[in-house]
Amino acid sequence: MSKFCTFRLMQREPYNTMEAELPHAAGRLFQQYIVDAFAKVVNTRLDWIVRNQRQLRMDSVRGLMDYLAEAPSQD
């Protein structure tokens, strides 16, 4: 999603010199588009984190277990 938004926001050379560079020529509406696109990207990332909590927790627990298995015991 972020790569799509980045592509859409990238300025390009217009085909015709008389042609306006849309969406960059839209002013405040363009600013609102940027804010909405940013909110969508953040929401998508947070949604992914919520849906993958089990996998993320397992990775951190696995790392802790590996550390405890490799660490010398403190007797």
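Residues numbered from 1 in each chain as written. Predicted model: local features only at pLDDT ≥ 70, side-chain atom pairs only at ≥ 80, totals over all residues. Heavy atoms only, no water.

Colleague: I'd like a description of the overall build of the chain, backed by residues and values.
Modeller: Check the secondary structure of the chain and you find three helices and zero strands. Its helices and strands taken in sequence order, the chain reads α-α-α from the N to the C terminus. For the chain, the residues scored as buried account for 7% of the 75 residues in total. In the form shown here, the chain has an accessible surface area of approximately 7,200 Å², with 59% of it arising from carbon and sulfur atoms. (Helix = DSSP H or I, 4+ residues; strand = E, 2+ residues; numbered from the N terminus. Buried < 20%, exposed > 50% of the residue type's maximum accessible area, 1.4 Å probe, protein only. Areas by Shrake-Rupley, 256 points an atom, 1.4 Å probe, with all protein chains shown as cover.)

Colleague: Describe the pattern of salt bridges, listing the residues and the values that go with them.
Modeller: Inspection of the entire model under this criterion finds one salt bridge. We note a salt bridge from Arg51 to Asp47, for which the minimum N-O separation is 2.5 Å. One end of the pair, Arg51, and the other, Asp47, are both in helix α2 (residues 28-51), four residues apart, so they sit about a helical turn from each other. The exposure class of Asp47 is partly exposed, given its relative accessible area of 34%. (Salt bridge = Lys/Arg side-chain N within 4 Å of Asp/Glu carboxyl O.)

Colleague: A description of a nonpolar patch on the surface should follow, citing residues and the corresponding values.
Modeller: Taken together, the side chains of Phe38, Val42, Leu46, Trp48, Ile49 and Leu56 present a nonpolar region at the surface, about 550 Å² in accessible area. If you tally residues by element for the nonpolar patch, the top one is α2, at five residues. Tracing the backbone through its elements, the reader meets Leu56 in helix α3 (residues 53-70). (Patch = residues over 30% accessible without salt bridge, like charges linked within 9 Å, V, L, I, M, F, W, Y side chains within 5 Å.)

Colleague: Lay out the packing of helix α1 (residues 2-9) against α2 with the relevant residues and their values.
Modeller: Interaxial distance between α1 and α2 falls to 10 Å at its minimum, and their mutual angle equals 165 degrees. Taken as axis vectors, α1 and α2 run roughly antiparallel relative to one another. Crossing geometry of α1 relative to α2 is assigned as left-handed. Residue-level contacts link Ser2, Cys5, Arg8 and Leu9 of α1 to Phe30, Tyr33, Ile34, Ala37, Val41 and Arg45 of α2. In terms of residue class, the contact of α1 with α2 is made up of seven nonpolar, one polar and two charged. (Axes fitted to C-alpha atoms, helices over the stretch in contact; angles between N-to-C directions. Parallel < 35°, antiparallel > 145°, perpendicular 65-115°, else oblique. Left-handed = near helix turned anticlockwise from the far one by under 90°. Contact = heavy atoms within 4.5 Å. Nonpolar A, V, L, I, M, F, W, Y, C, P; charged D, E, K, R; others polar.)

Interpretation in functional terms is not warranted from these geometric data alone.
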